[in-house]
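Breakdown of the fold
Here is what each chain is made of, one letter per residue.
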Amino acid sequence: MARRFYVTTPIYYVNGVPHLGTAYTTIVADALRRYHLLCGDDTRMLTGTDEHGLKIEREAVAKGISPQVFVDDMSGRFRAAWPELSIEPSDFIRTTEPRHTALVQELWRRVEANGDLYLGEYEDWYCVGCESFKTEKELLPGNLCPLHARPVERLKEKTYFFRLAKYQEPLLRHYEEHPEFIAPEGRRNEVLSFVRGELRDLSVSRTSFTWGIPAPGNPKHVLYVWFDALANYWTALGGEGAPLGCYWPPEGYALHLVGKDILRFHTVYWPAFLLSAKIPLPSRVFAHGFLTIDGQKMSKSLRNAVDPLRLARELGADVLRYQLLRAIAFGQDGDFDHSALLARYNADLGKNVGNLLSRTLGLCGKVTGGKTPAFGAPTQLETDFIEEYTRRVGASRAHWEALEPHRALEEAIGLSSAANQYIDRAAPWAAAKADSPERVGTILATLLEALRGLSVLLWPALPNKMAQMRVQLGITPLAPAVGVDLWPMRFEPRAAGEALAASGPLFPTFDKDAEQALLAKLAPRVDSEKPNVPVVQAAPGTVSYEQFAALDLRVGVVKTCERVVRKDKLLKLTVDLGEPEPRSIVAGLALTFAPEDLLGKRVLVVANLASREFGKGLVSHGMILATGPSEALRLASVPDDVPVGSRLK
RNA sequence: GCCGGAGUAGCUCAGUUGGUUAGAGCGGGCGUUUCAUACGCGCUAGGUCGGGGGUUCGACUCCCUCCUCCGGCACCA
């Protein structure tokens with residue numbers, strides 16, 4: 001009853017290096033891979049890199065190298081990173097590989113043959129500086145490019161469209177018939193409501209850059225990001241009729257792990273492409289949450305500050321894997337907290353599992369000469385413990401099946417706790433003093449078998465540590481094979497007389513000093529960039545939106561400006577706010593600015609401030625915004641091309 | 001604005017189709033053992049289960065409403 005299990009991670013865009021977020025997804029995928037291996041499933045895991053697109057082209061140019069050289073280097077970093085985290089994908093695909101490009105083009109042709117591609121015009125905001133389109137959302141107020149702060153323009157580009165709208169009903173039907181297709185539940189509902197709304201055809205090609213896969217039959221176009229990238233899950237298996245095709249439905253079970261930010265692409269666009277190409281859909285798309293780090297959002301600077309490889313080198317890959325799998329409810333947002341990591345390591349692994357191994361082997365060394373004792377007549381204690389063992393081993397398995405690694409591991413630790421309870425109740429040291437070797441043997445044999453089971457249950461998360469544990473237990477390394485179920489569902493104590501090989505603490509704990517030292521070493525240091533604004537909560541002096549909105553802030557241009565006699569600080573100016581007549585404003589700018597400095601300048605004005613009388617008929621109808629000491633003011637400003645009278649918001 | 005999720009012990013969270021004294025882990029407190037990595041085991045938290053109202057013999061669990069947080073969509077004051 002070996003299943004064919006195929007798990008994928010997103011392919012990572014090579015404009016960055018592996019960070020904790022990408023490591024997280026990939027570690028979960030690897031843990032699932034290992035779990036399925038243990039079950040005897042025919043298992044396959046895929047990860048890789050996404051290497052096309054304008055950003056890459058641009059970055060390579062900026063570095064003065066060819067895109068290919070650039071992506072070779074970047075992709076290599078991802079490929080090299082995973083083994084350091086004990087991640088062993090079956091395959092690593094790059095979107096620049098011929099095996100991918102050829103099959104993506106085939107996919108394109110199939111979609112085209114199905115009548116789902118048409119040439120049209122894509123119209124949106126375009127920044128000449130970027131040479132790329134911007135969505136409305138990206139733009140700064142006043143239709144400015146967020147990168148260049150210059151106005152974008154409306155532009156049209158020839159592009160192929162995919163008839164996404166056509167697949168609204170088929171998609172909804174598929175969601176309906178396969179409720180497990182999108183998980184978790186909450187995410188499924190989001191997608192559902194999105195698809196129930198209006199689906200617009202999707203632009204799937206570009207002509208404004210060349211670093212991509214040429215569209216078959218029209219090489220002026222390159223395939224646009226999603227059509228190219230999503231296909232990797234399928235192209236990596238070699239396409240239709242290839243030997244690896246058996247990992248794809250209907251024969252295989254294909255699971256895509258994705259971040260919740262790219263859920264839609266995987267549950268709407270990708271299935272639609274496949275429906276069009278008449279290829280079976282993947283079995284399930286599971287969206288996990290985002291990580292915060294020590295309670296802080298993973299900003300760019302934090303991303304780089306928390307390097308999973310550095311953590312792995314410092315603590316061992318297993319410890320990092322364990323924390324990510326155990327501390328974060330898969331599917332929900334989670335926090336990666338450094339001190340919680342150390343605390344959990346000490347508690348779960350050191351004190352619970354590690355000490356259990358240590359005391360068991362210690363007793364064996366003293367009482368049985370470092371060999372496995374015989375399992376004799378069980379008492380109620382053994383019967384109860386074995387019952388709990390069986391229950392937890394089964395529960396752990398069920399949780400892996402349900403994509404709940406945090407719970408699967410919780411069960412494993414619970415089993416270790418139960419063994420610690422059992423050893424206290426059974427008190428083999430007392431039995432040894434009472435000179436009842438058979439009883440001691442039975443107790444120790446029970447514990448050794450529990451530890452053997454643990455070495456399997458924890459292996460998906462802690463492959464290296466569990467390998468070491470098995471060495472100490474004197475058993476062979478786990479050697480998963482297709483069709484062989486290694487999950488320790490049955491409690492079967494070993495034969496007597498086998499050699500054990502205790503060799504000291506498996507999980508040496510950190511004392512307070514060591515913890516402090518590690519935290520100091522590992523904690524992300526980003527304070528320089530953001531002076532750790534601790535509380536940005538609503539302070540007593542906050543204003544409501546309504547209060548804020550009551551302000552009329554406008555862009556104006558200074559038309560006239562003159563000193564005010566006997567008022568050294570004041571300038572009297574008239575400012576054009578786009579109103580019929582320029583406003584007369586009195587402002588305390590004179591210590592910094594000479595009147596001629598300000599002529600023609602753009603300024604920001606509070607336009608609905610109550611008028612103020614300065615005497616001698618001098619009245620100010622507004623306030624000019626500035627910052628700094630009186631003698632070194634800086635005017636709040638906007639670029640010169642912002643129309644006069646524009647309101648700020 | 002619409003839709004969805006969440007708000008349970010100091011922290012992280014479980015809580016099945018409503019029913020005796022609301023749970024776990026960690027932390028804290030107390031006790032205890034000595035085989036063990038100063039480890040383990042036992043006991044302990046008296047928490048208005050976000051607020052208010054309702055249904056019911058009885059609600060954390062059902063309904064209404066309000067507040068806060070988060071997410072999706074819409075919109076951009």
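Residues numbered from 1 in each chain as written. Chains lettered and ligands numbered in written order. Predicted model: local features only at pLDDT ≥ 70, side-chain atom pairs only at ≥ 80, totals over all residues. Heavy atoms only, no water.

Points about the sheet that holds strand S10 (residues 214-215)
Across the sheet, three strands lie side by side as S9-S11-S10; this open sheet has antiparallel pairing. A single partner strand is all that each edge strand has here, and the edge strands are strand S9 (205-206) and S10. Alignment of S9 against strand S11 (residues 218-223), held across two bridges, turns out to be antiparallel. Note that in S11 the partner of Ser205 across the bridge is Leu223. (Pairing = 2+ DSSP bridges. Helix = DSSP H or I, 4+ residues; strand = E, 2+ residues; numbered from the N terminus.)

Remarks on the side chain of His19
As for its position among the elements, His19 is in the loop between strand S1 (4-13) and helix H1 (20-38). Among the polar contacts listed, one links the side chain of His19 to the backbone nitrogen of Gly21, at a separation of 3.0 Å. (Polar contact = N/O pair within 3.5 Å; in protein donor to acceptor, adjacent residues only side chain to side chain.)

Quick word on the packing of H1 against helix H12 (residues 317-327)
H12 packs onto H1 with a crossing angle of 90° between their chain directions and a minimal axis gap of 10 Å. Taken together, the axes of H1 and H12 are roughly perpendicular relative to one another. Residues Leu20, Tyr24, Ile27, Val28, Asp30, Ala31 and Arg34 of H1 form the contact with H12, whose participating residues are Leu320, Arg321, Leu324 and Leu325. Among the residues making up the contact of H1 with H12, the classes are represented as eight nonpolar, no polar and three charged. (Axes fitted to C-alpha atoms, helices over the stretch in contact; angles between N-to-C directions. Parallel < 35°, antiparallel > 145°, perpendicular 65-115°, else oblique. Contact = heavy atoms within 4.5 Å. Nonpolar A, V, L, I, M, F, W, Y, C, P; charged D, E, K, R; others polar.)

A look at empty space enclosed by the protein
Scanning all chains against the criterion turns up two cavities of 30 Å³ or more. Of the voids in this model, the largest cavity is the one considered here, and its volume is about 40 Å³. What lines the largest cavity is simply Thr372, Pro373, Ala445, Leu448, Glu449 and Arg494. (1 Å grid on protein atoms, 1.4 Å probe; cavity = no way out; pocket = protein on both sides within 12 Å on 5 of 7 lines; lining within 4 Å. Points joined across faces, edges and corners; volume = space filled by probe spheres on them.)

Topic: the nonpolar core
In a soluble, globular protein the nonpolar side chains are often hidden away together inside. Judged by nonpolar contacts, the single largest core of 95 residues is most densely connected at Leu20, Trp82, Leu85, Leu257, Leu324, Leu454 and Met469. Of the domains in this structure, domain 1 (4-288) and domain 2 (336-524) are the two that each give at least three residues to this core. Counting 55 residues, the second-largest nonpolar core is a separate cluster that includes Ile11, Leu172, Ile182 and Leu192. (Core = buried A, V, L, I, M, F, W, Y, C linked by side-chain atoms within 4.5 Å. Buried < 20%, exposed > 50% of the residue type's maximum accessible area, 1.4 Å probe, protein only. Domains from an automatic or database assignment.)

So, the pairing of S1
Here S1 lies mainly inside the structure; eight of its 10 residues are buried. Pairing geometry for S1 and strand S2 (residues 42-50), over eight bridges, is parallel. In the sheet register, Thr8 faces S2, and the bridge partner there is Leu46. Crossover S1 to S2 through H1 is right-handed. Of the strand pairs in this sheet, S1 and strand S12 (residues 253-259) are connected by four bridges, and their pairing is parallel. Within S12, the position partnered with Thr8 by the bridge is His256. (Right-handed = clockwise from strand over helix to strand, strands pointing away.)

Some points on the packing of helix H4 (residues 98-113) against helix H9 (residues 263-277)
Running from N to C, H4 and H9 cross one another at 70°; their axes reach a closest spacing of 8 Å. Regarding the angle of H4 to H9, the classification is roughly perpendicular. Crossing hand, H4 versus H9: left-handed. For the pair formed by H4 and H9, the contact residues are Leu107, Arg110 and Val111 on the first element and Trp270, Phe273, Ser276 and Ala277 on the second. (Left-handed = near helix turned anticlockwise from the far one by under 90°.)

Things to note about the packing of aromatic side chains
Evaluation of the coordinates by the stated rule reveals 25 aromatic pairs. Plain terms: the ring middles of Phe227 and Phe273 are 4.7 Å apart, the flat faces sit at 50° to each other, and that makes the pair tilted. Residue Phe227 is located in helix H7 (residues 225-230), and its partner Phe273 is located in helix H9; the two are separated by 46 residues in the primary sequence. In terms of burial, Phe227 and Phe273 fall into one category: buried. (Phe/Tyr/Trp six-rings, centres within 6.5 Å; stacked < 30°, edge-to-face > 60°.)

Quick word on the side chain of His174
Within the fold, His174 resides in helix H5 (residues 168-177). With sequence-adjacent residues up to four places away left out, His174 is seen in contact with Phe181 and Leu281.

Focus: the domain arrangement of chain A
One widely used convention gives an interface's size as the accessible area the parts lose upon coming together. Taken domain by domain, chain A holds domain 1 (4-288), domain 2 (336-524) and domain 3 (551-635). For domain 1 and domain 2, the distance between their C-alpha centroids amounts to 42 Å. Counting from both sides, the interface comprises 16 residues of domain 1 and, opposite them, 19 residues of domain 2. When the two sides are added together, the surface that domain 1 and domain 2 hide from each other amounts to roughly 1,600 Å², 71% of it contributed by carbon and sulfur. Among the residues of domain 1 in contact with domain 2, Arg34, Tyr35 and Leu38 are the three that bury the most area, contributing 43% of the side total. The tally of links from domain 1 across to domain 2 stands at zero salt bridges. Applying the counting rule to domain 1 against domain 2 returns six residue pairs in polar contact (both at pLDDT 80 or more). (Buried area = accessible area lost by both parts, 1.4 Å probe. Salt bridge = Lys/Arg side-chain N within 4 Å of Asp/Glu carboxyl O.)

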